[in-house]
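Below, each chain spelled out in residue letters.
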Amino acid sequence: MSLLRPLLCLVLVPAALSGCAHDEMARCTSASGSWAIGRVADQATLDRIQAESGARQLRTLADDQTSSDIGMDRVTVHVDARNRVSAVTCD
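Presented here is a report on the structure given in the accompanying data block. (Residues numbered from 1 in each chain as written. Predicted model: local features only at pLDDT ≥ 70, side-chain atom pairs only at ≥ 80, totals over all residues. Heavy atoms only, no water.)

## Some points on the side chain of R74
Line of reasoning, step 1. Along the chain, R74 turns up in strand β2 (residues 74-79).
Line of reasoning, step 2. Look at R74 and you get buried, because its relative accessible area is 9%.
Line of reasoning, step 3. One polar contact links the side chain of R74 to the main-chain carbonyl oxygen of D91, over a distance of 2.7 Å.
Line of reasoning, step 4. Leaving out residues up to four positions away in the same chain, R74 has contacts with C28, A55, Q57, L58, R59, D69, T89, C90 and D91. (Helix = DSSP H or I, 4+ residues; strand = E, 2+ residues; numbered from the N terminus. Buried < 20%, exposed > 50% of the residue type's maximum accessible area, 1.4 Å probe, protein only. Polar contact = N/O pair within 3.5 Å; in protein donor to acceptor, adjacent residues only side chain to side chain. Contact = heavy atoms within 4.5 Å.)

## What to know about helix α2 (residues 43-53)
Line of reasoning, step 1. The set of residues buried in α2 consists of T45, L46, I49 and S53. Taken end-on, α2 shows its buried residues confined to a sector of 100°, consistent with a single buried face. Those residues of α2 that are exposed and aimed more than 90 degrees away from the buried face are Q43, A44 and A51.
Line of reasoning, step 2. Buried residues belonging to α2 abut β1 (57-62), β2 and β3 (85-90).
Line of reasoning, step 3. The positive-phi residue at the C-terminal boundary of α2 is G54, with phi of around 80°. (Arc of directions from axis to C-beta.)

Below, the structure written as structure tokens:
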């Protein structure tokens, strides 16, 4: 039993820490999308926003839309009536 405990620690601790690192990497950073404010929300712009934000998912919302759905691994691009980016948020 005395050898089993250190062996389990050697296996379980790195696995737990790698899970934390993965979760941290999945977090969205909305500030990286500030360059897109005022630009047309075409596919290339949306792809770049998602890539630079680190988000796993991207959604667009019209300025008059709201959502209570929260996900820290998603970037939301708010677009105005002319399909221009008005805000980039992580939620």
